[in-house]
Structure formats: structure tokens, C-alpha cells
Amino acid sequence: MRGYCAALAVAASILGGCAAPSRDLVVLLPDKDGKVGTVLVQNPKGSTELNSAYAAASSAPDGVRRETVSKSEVGNVFGGALAAQPPRPISFVIYFESGTDEFTERSKQEVKRLLAEMARRQAPDITVIGHTDLVGSDPSNDALSLQRAERVKAILVSMGVPAERVSTAGRGRREPLVKIGDGVPEARNRRVEISVR
Amino acid sequence: MLALRSLAVYTALFSFAGILPLVAQANDIAQFKVAKGSVYVERGGQRIAARVGTALQPTDAVITGADGSAGIAFIDNSLLSLGPNSVLAIERYAFNSTTHEGAFDAMLRKGTLSVVSGKIAKQSPDAMKVKTPSSILGVRGTEFLVQTRD
């Protein structure tokens, strides 16, 4: 916090002084995969779009302006918040043997990895998300995908995962793993994804 | 100190008839994954000590003390974390797990916040807004930091 205040004070003296209204600060970070998103900073007197790593802006009643911050200033100001970030959610993907209630052999291993990941986390909760292929309508696929998710939840609960830590969702045909033509059956899209937080 | 804290927890449990921590409710939207030092949830005018596993509901506020920090995972996989001396109000949270449509408005009244946006912001660029007393941030993704200065 000191570092940033000091940097602002220096900037203010170079710019010929400023009445130093407190300015809220926004810093865009690179994502974990190296990509950089976009944040639009707006107030009644102005706006700016941040879209590069460590791009920063400050906001006060007199407007929005761009700032330059170093990584060490980011660490000084935001170290506590960054250190408290929860672990990133991780997804596991489960397939059934065709026409059965049995997981494939590979999916049984995936379930073991899921349980190990849950054991590593503090108070883990999971969402079991069913997906269908691109055959059929939205409503029927929504219902089907939710049924599959509920079935996987029941199996996980029977393996000892507390039911109150598991929610279910039916994503229907909205998020195919393999993008193929409408109406084409595709086993790889008929899957259940388990997101661990 | 310990006794006082236990009493606070007990009072909180009692006043919510034991429903608050660790048992999922239909309107739970997030859970604490990290809670260090003093961390509180303000709900309906009451202040409840938060710990790992405590659930959040829409319109809750999260408060950290001088020694506090907190990490929260939302059901759309948004991750928010607070540094010390911070106050974050969840003003609105809605998430449709089928369509990924939703709305997420949060206000950092003071302190520091780290955000990793989740499925709500990914689905519709205008659905997530983080505010400070002087500004509104439109979140197109994904990772950013906010400080509200007194």
C-alpha cells in the first residue's frame, strides 16, 4: 500500500501537484494460461479499457486515468488478496459404457483422481454437469443431461461423497466437446463433467 | 479471546437455528475456501464469523479485519479473494447452470479484491460488474485486482 501511495506522490509532484483525492485502483492481470482479458473502468467523468497485462487505471470523482504499476507495487498492495485466492476449479470427465449404468474403465480411474483432488482441497464442493450430443431438441437434451448428472451424483454419494457437497446441472447440447454437425450422434459428447472447487 | 470467538460462533449458530455453515442451502451461491484471521459475513444486520466451508447467499457482505483475508469460490466458478481491512457487498447474484446466464454485481466498499471471473462473465460480457465507490468495472474477463481507497 505504501509503495503505491509513494509512487502516486512522486507522480503527483512531477505533474505539478494534485489535491490527492483518494483514487480507486484497478489492475488487469494475465490469466493463468497467459491470455489477458478485458476490464472496462467507468465513472461519470470518463472511462478506459484495460486489455494488456498489468494495465492499470485509477478512478476518483474527477475522472478515470491510466496508471503505471510495477509487479512489486502490485505485490505490496494486493499481496494479501492474492495469497487468499482459492485454488482454481478443476474438471474431470466421465463416460458411461454404451447403454449401461457403468463407468468406462478409464472413467473409473478418473473418479479416483477426482476423489484424490477432493481430499487435497479445503471444504471442496462439486458440480456434476451432464452434456449430450447434438441429436434432438434443447428441452429433451436438458432433461437427459440432468438425469445423467443425477445418476453420477448418486454413484459418488454411494462412494462416500457427502450429498450436500454435490450440486447437479444439465447443460444439454450447449457445450459439445467435439463440434460436429447438428443431428450427428457422437459418443464423446455424451459425457458428465465434474467441476471441483 | 478464544472463548469470545466460540461464543460468537455459538450465537451465530443459535440465531440461525444451525442452518448456516457447512450444510448446503438452495440459495447458497458461494463458499469460503480460505478464511484467515478475522473474517465475517454480514447477513440481515447480523455479523457471523466465517470459516472455511461457510456458505454465502445473495446480498451478504464479507468483512475482513486488519489480520484477515478470505477466498471465496462461487457456483459459476468465479473466484474472489479479499485482503485485510476489506468490505465486499454482494449486491446481486444469479446463475442459471443450464444456460450460464446470470448476473453478478459486487461492491468493494473498502480494501483490496482479487477477481478471477467465471461462467457468468464468460457467457455474457455485461453480466458481471464490480463496483467501487467511484467506479463501475465491466468485466469481460478474466483476472484483475481492485483497491478501494479511503
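Shown above is the structure to which this text applies.
Throughout, residues of each chain are indexed from 1 in the direction in which the sequence is written. Starting at A for chains and at 1 for ligands, labels are handed out in the order in which the entities are written. Only residues with pLDDT of 70 or above have their local features reported here, since the model is predicted, and side-chain atom pairs are shown and tallied only from 80 upward, although totals for entire chains, interfaces and linings are computed over all residues. Only hydrogens and water are set aside when side-chain values are computed; all heavy atoms of the structure are taken into account.

Student: Mind laying out the overall build of chain A, listing which residues take part and the relevant values?
Tutor: Strands here are runs of E lasting at least two residues and helices are runs of H or I lasting at least four, both read from the DSSP assignment and numbered beginning at the N terminus. Scanning chain A from terminus to terminus reveals four helices and nine strands. Listing each helix as α and each strand as β along chain A from the N terminus yields α-β-β-β-β-β-α-β-α-β-α-β-β. When each of the 197 residues of chain A is scored for burial, the buried share is 44%. Sequence separation of 24 or more characterises 61% of the internal contacts of chain A that already satisfy a separation of 6 or more. Accessible surface, chain A: about 9900 Å² in total, of which carbon and sulfur atoms supply 55%. Think of it in three bands: residues with accessible area under 20% of the maximum for their type are buried, residues over 50% are exposed, and the middle band is partly exposed, with areas taken using a 1.4 Å probe on protein chains only. In this description, contact between two residues means that some pair of their heavy atoms is separated by no more than 4.5 Å. Throughout, the Shrake-Rupley method with a 1.4 Å probe supplies accessible areas, and for residues the shown protein chains are the sole cover considered.

Student: How would you explain helix α4 (residues 138-158) of chain A if you had to name every residue and give the values?
Tutor: All names here are of chain A. Taking 1.5 Å per residue, 21 residues should reach 30 Å; α4 reaches 30 Å between its end C-alpha atoms and fits that length. Contacts made by the buried residues of α4 are with α3 (105-120), β7 (126-131), β8 (166-170) and β9 (191-196). Two residues or fewer past α4, G160 is found with a positive phi of approximately 110°. By definition here, a helix of n residues has an expected span of 1.5 Å times n minus one.

Student: Please provide a residue-by-residue account of the interface of chain B and chain A, values included.
Tutor: Taken residue by residue, the interface counts 52 residues in chain B and 54 residues in chain A. When chain B packs against chain A, close to 4100 Å² is buried across both sides, 52% of that on carbon and sulfur atoms. Within 3.5 Å is the distance limit for a polar contact, defined as a pair of N or O atoms, with the added protein rule that one can donate a hydrogen and the other accept it, and that residues adjacent in sequence qualify only through two side-chain atoms. The tally of links from chain B across to chain A stands at 27 residue pairs in polar contact (both at pLDDT 80 or more). Counting residues per element, the ones that place at least two in the side of chain B that touches chain A are β1 (30-36), β6 (69-74), β7 (79-82), β9 (102-116), α2 (119-123), β11 (135-139) and β12 (143-148) of chain B. Any residue that is not Ala, Val, Leu, Ile, Met, Phe, Trp, Tyr, Cys, Pro, Asp, Glu, Lys or Arg is counted as polar, Gly included; the first ten are nonpolar and the last four charged. Tallied by class, residues from the side of chain B that touches chain A come to 23 nonpolar, 22 polar and seven charged. Note on pairing: DSSP must find at least two bridges between two strands before they are called paired. Relative to β11 of chain B, strand β2 (residues 39-43) of chain A runs antiparallel, the two being bridged by four bridges. Bridge assignment links Q42 of chain A to a residue of β11 of chain B, and that residue is I136 of chain B. Note on terms: buried area is the combined drop in 1.4 Å-probe accessible area of two parts once they are placed together, counting the loss on both.

Student: Outline the pairing of strand β2 (residues 39-43) of chain B, supporting the account with residue identities and numerical values.
Tutor: Consecutive residues of a regular strand have side chains that alternate between opposite faces of the sheet. All names here are of chain B. Of the two faces of β2, the one holding V39, V41 and R43 is buried and the one holding Y40 and E42 is not buried anywhere. Pairing of β2 with strand β5 (residues 61-64), which is carried by four bridges, proceeds in the antiparallel orientation. Within β5, the position partnered with Y40 by the bridge is I63. Note that β2 and strand β3 (residues 46-49) share four bridges and pair antiparallel. Counterpart to Y40 in the pairing with β3 is A49. Counting the residues between successive antiparallel strands, the hairpin from β2 to β3 contains two residues, one of them, G44, with a positive phi of roughly 55°.

Student: Break down the environment of M159 of chain A for me, with residues and values.
Tutor: Residues and elements named next belong to chain A. Mapping M159 onto the fold places it in the loop between α4 and β8. Residue M159 is classed as partly exposed on the basis of its relative accessible area of 46%. A sequence separation of 44 residues divides M159 from L115, and the C-alpha atoms of the two residues are 9.5 Å apart. Contact partners of M159, with chain neighbours within four places excluded, come to V111 and L115.

Student: Run through the pairing of β9 of chain A, naming residues and quoting values.
Tutor: Residues and elements named next belong to chain A. Burial analysis of β9 places six of its six residues in the buried class, the great majority of the element. Alternating residues of β9 divide into R191, E193 and S195 and V192, I194 and V196, and every residue in both groups is buried. The sheet contact formed by strand β6 (residues 90-94) and β9 spans five bridges and is antiparallel. From the neighbouring strand, S91 faces β9, where its bridge partner is S195. Pairing analysis gives six bridges linking β7 to β9, with the strands arranged antiparallel. Bridge pairing in β9 places T127 opposite S195.

Student: Which residues make up the nonpolar core, and what values go with them?
Tutor: Side chains of nonpolar character tend, in soluble globular proteins, to be buried together. Residues grouped as a nonpolar core are buried Ala, Val, Leu, Ile, Met, Phe, Trp, Tyr and Cys residues, joined through side-chain atoms within 4.5 Å. If you look at the biggest cluster of nonpolar residues, it comprises 39 residues, and the most contacted ones within it are F32, L56, F74, F104, L113, V130 and F144 of chain B. When residues in this core are grouped by element, the largest group, five residues, is from β9 of chain B.

Student: Explain unusual backbone geometry to me, and be specific about the residues and the numbers.
Tutor: Residues and elements named next belong to chain B. Cis geometry marks the peptide bond from G141 to T142; its omega dihedral reads -20°. Its identity is not glycine, yet N77 carries a phi of approximately 70°, on the positive side. Residue placement: N77 occurs in the loop between β6 and β7. Unlike most non-glycine residues, H100 shows phi in positive territory, near 70°.

Student: Requested: an account of α3 of chain A, with residues and values cited.
Tutor: Residues and elements named next belong to chain A. The end-to-end C-alpha distance of α3 is 23 Å, a good match for the 22 Å that 16 residues give at a rise of 1.5 Å each. Along α3, the residues classified as buried are S107, E110, V111, L114, E117 and M118. Projected down its long axis, α3 carries its buried residues within an arc of 120°, all on one side. Set apart from the buried face of α3 by more than 90 degrees, the exposed residues are E105, K112, A119 and R120. Along the arc lie the directions from the helix axis toward the C-beta atoms.

Student: I'd love a proper account of the environment of L29 of chain A, names of residues and values included.
Tutor: By the element assignment, L29 of chain A lies in strand β1 (residues 24-29). Expressed as a C-alpha distance, the spacing of L29 of chain A and A53 of chain A, which sit 24 residues apart in the sequence, is 5.1 Å. Those residues in contact with L29 of chain A that sit more than four places away from it in its chain are V36, Y54 and L82 of chain A together with E143, F144 and L145 of chain B.

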